[in-house]
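This is what each chain is made of:
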Amino acid sequence: ADLTVPIVLSEKIALLSGITSEGINLAFTESSNDDIQVYGLGMKIGLNIKHSDKWSGTYLSIPKLSSDQLRFSSDNFQVGWIGLMQRSFTPYKNVKFGFYTNSELFGPFLVPLIGYYNKTDKWELNIMAPLAAQIEYLVSNQVKAGVHFKGIIKSYELNEQVGYLTKANNEVSLATSVQLGKLVWMTNFGTTIGRRIRIYEDEERMDFAMSALKFGDNREQLNEDLQDGLFIKTSLILRFSTL
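Residues numbered from 1 in each chain as written. Predicted model: local features only at pLDDT ≥ 70, side-chain atom pairs only at ≥ 80, totals over all residues. Heavy atoms only, no water.

Caption draft 1: Quick look at the overall build of the protein chain. Scanning the protein chain from terminus to terminus reveals zero helices and 15 strands. Taking 2.2 N^0.38 as the reference for a compact globule, 243 residues should give roughly 18 Å; the C-alpha atoms of the protein chain span a radius of gyration of 19 Å, in line with that estimate. Its C-alpha atoms put the protein chain at 50 × 35 × 30 Å along the principal axes. Looking at the protein chain as a whole, 33% of its 243 residues are labelled buried. Looking at the protein chain alone, contacts between residues at least 24 apart form 48% of all its contacts between residues at least 6 apart. (Helix = DSSP H or I, 4+ residues; strand = E, 2+ residues; numbered from the N terminus. Rg over C-alpha atoms; globule rule 2.2 N^0.38 Å. Buried < 20%, exposed > 50% of the residue type's maximum accessible area, 1.4 Å probe, protein only. Contact = heavy atoms within 4.5 Å.)

Caption draft 2: Spotlight on the environment of Ala 14. Along the chain, the position of Ala 14 falls in strand β2 (residues 13-26). Considered as a pair, Ala 14 and Ala 209 are 195 residues apart in the sequence and their alpha carbons are 32 Å apart. With residues near it in sequence (within four places) discarded, Ala 14 still touches Ile 7, Val 8, Leu 9, Gly 46, Leu 47 and Asn 48.

Caption draft 3: A look at the environment of Thr 176. Of note, Thr 176 is situated in strand β11 (residues 163-180). Remark: the alpha-carbon pair of Thr 176 and Val 143, spanning 33 residues in sequence, is separated by 7.2 Å. Excluding its chain neighbours within four sequence positions, the residues that come into contact with Thr 176 are Lys 144, Ala 145, Trp 185, Met 186 and Thr 187.

Caption draft 4: Quick peek at the side chain of Lys 167. Relative to the assigned elements, Lys 167 resides in strand β11. Glu 22 provides the closest opposite charge to the buried, salt-bridge-free Lys 167, at an N-O distance of 5.5 Å. Dropping the residues within four chain positions of it, Lys 167 is found in contact with Ile 24, Ile 152, Ile 153, Lys 154, Tyr 156, Arg 196 and Ile 197. (Lys, Arg positive; Asp, Glu negative; His and termini not counted. Salt bridge = Lys/Arg side-chain N within 4 Å of Asp/Glu carboxyl O.)

Caption draft 5: Quick peek at the pattern of salt bridges. Applying the stated criterion across every chain yields a total of six salt bridges. We note a salt bridge from Arg 219 to Asp 217, for which the minimum N-O separation is 2.8 Å. For Asp 217, a relative accessible area of 31% gives the class partly exposed.

Caption draft 6: A look at empty space enclosed by the protein. Following the criterion strictly, the structure yields one cavity of 30 Å³ or more and no others. Approximately 170 Å³ is the volume found for the largest cavity. Surrounding the largest cavity, 15 residues form its lining, Ile 153, Ala 168, Arg 196, Lys 214 and Arg 219 being those nearest its centre. Those elements giving two or more residues to the lining of the largest cavity turn out to be β11 and β12 (183-200). Looking at the lining of the largest cavity residue by residue, the class counts come to eight nonpolar, two polar and five charged. (1 Å grid on protein atoms, 1.4 Å probe; cavity = no way out; pocket = protein on both sides within 12 Å on 5 of 7 lines; lining within 4 Å. Points joined across faces, edges and corners; volume = space filled by probe spheres on them. Nonpolar A, V, L, I, M, F, W, Y, C, P; charged D, E, K, R; others polar.)

Caption draft 7: Region of the structure containing the layout of surface pockets. Approximately 210 Å³ is the volume found for the second largest pocket. Lining the second largest pocket are 16 residues, with Glu 11, Lys 12, Asn 48, Lys 50 and Ser 56 sitting closest to its centre. Among the residues forming the lining of the second largest pocket, the class breakdown is five nonpolar, six polar and five charged.

Caption draft 8: Fine view of the packing of aromatic side chains. This structure, assessed with the given rule, holds seven aromatic pairs. The interplanar angle of 50° and the centroid separation of 5.3 Å between the aromatic rings of Phe 72 and Phe 77 together place this pair among those described as tilted. Taking relative accessible area as the criterion, Phe 77 reaches 32% and is therefore assigned partly exposed. Arranged with centres 6.4 Å apart and planes meeting at 80°, the rings of Tyr 100 and Phe 109 form a pair that is edge-to-face. The rings of Tyr 100, Phe 106 and Phe 109 are connected pair by pair, giving a single aromatic cluster. Over the face of the ring belonging to Phe 89 we find Lys 93, whose NZ or CZ atom lies 6.0 Å from the ring centre. The residue whose ring lies beneath Arg 219 is Tyr 200, and the NZ or CZ to ring-centre distance is 4.0 Å. (Phe/Tyr/Trp six-rings, centres within 6.5 Å; stacked < 30°, edge-to-face > 60°. Lys NZ or Arg CZ within 6 Å of the ring centre and 35° of its normal.)

Here it is as structure tokens:
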């Protein structure tokens with residue numbers, strides 16, 4: 001579940017707020033006794049500032065709990081930051097650049113971001129490399145079809161055992177979305193690429209990670225990797241005006 005609520009403070013400043021939540025069940029063996037459940041619960045708070053007619057900035061903090069138990073402790077708590085500058089050419093075309101960083105359990109983590117958005121009568125292109133990309137074609141006034149990419153890197157503290165879990169995955173899918181008034185029903189069918197869900201002991205850290213590049217990574221993995229596989233995902237999105 002993901003909720004984002006912008007609150008307009010003035011013509012140039014909007015307060016960004018919201019919450020995110022997730023729950024994941026992992027089965028590493030055929031025995032249900034070995035299943036691991038991890039959870040995430042986070043807040044979003046920040047500002048969107050219009051610096052000029054062409055330039056705007058988004059500055060967002062994302063504190064969250066990420067573990068197999070949703071209770072507050074220093075091990076379960078992480079803080080993420082997003083900083084993005086946007087250069088608009090038209091209301092339907094812009095470029096972005098910035099960064100995402102988070103206090104991951106495996107060590108310092110930084111992702112440089114480069115984005116591009118362009119919308120025509122039939123096509124819509126939305127890229128935020130290296131994390132996400134969407135290419136969609138307007139089939140009718142209510143239906144879109146296209147290709148989606150999503151990259152995921154997250155970590156979760158394991159209180160029930162000594163260690164932490166990392167989830168790194170790339171998802172490529174065919175997507176369709178149907179506009180139903182204020183609701184959007186989206187379906188994705190695709191495959192994972194390079195899925196890595198790994199467990200490490202708490203003291204195992206790397207020196208630094210930038211996107212997929214890892215420096216000083218001598219960690220010893222405690223489990224076997226899961227294989228890539230097909231997936232199907234359906235989402236129901238509600239968009240509403242805050243003005």
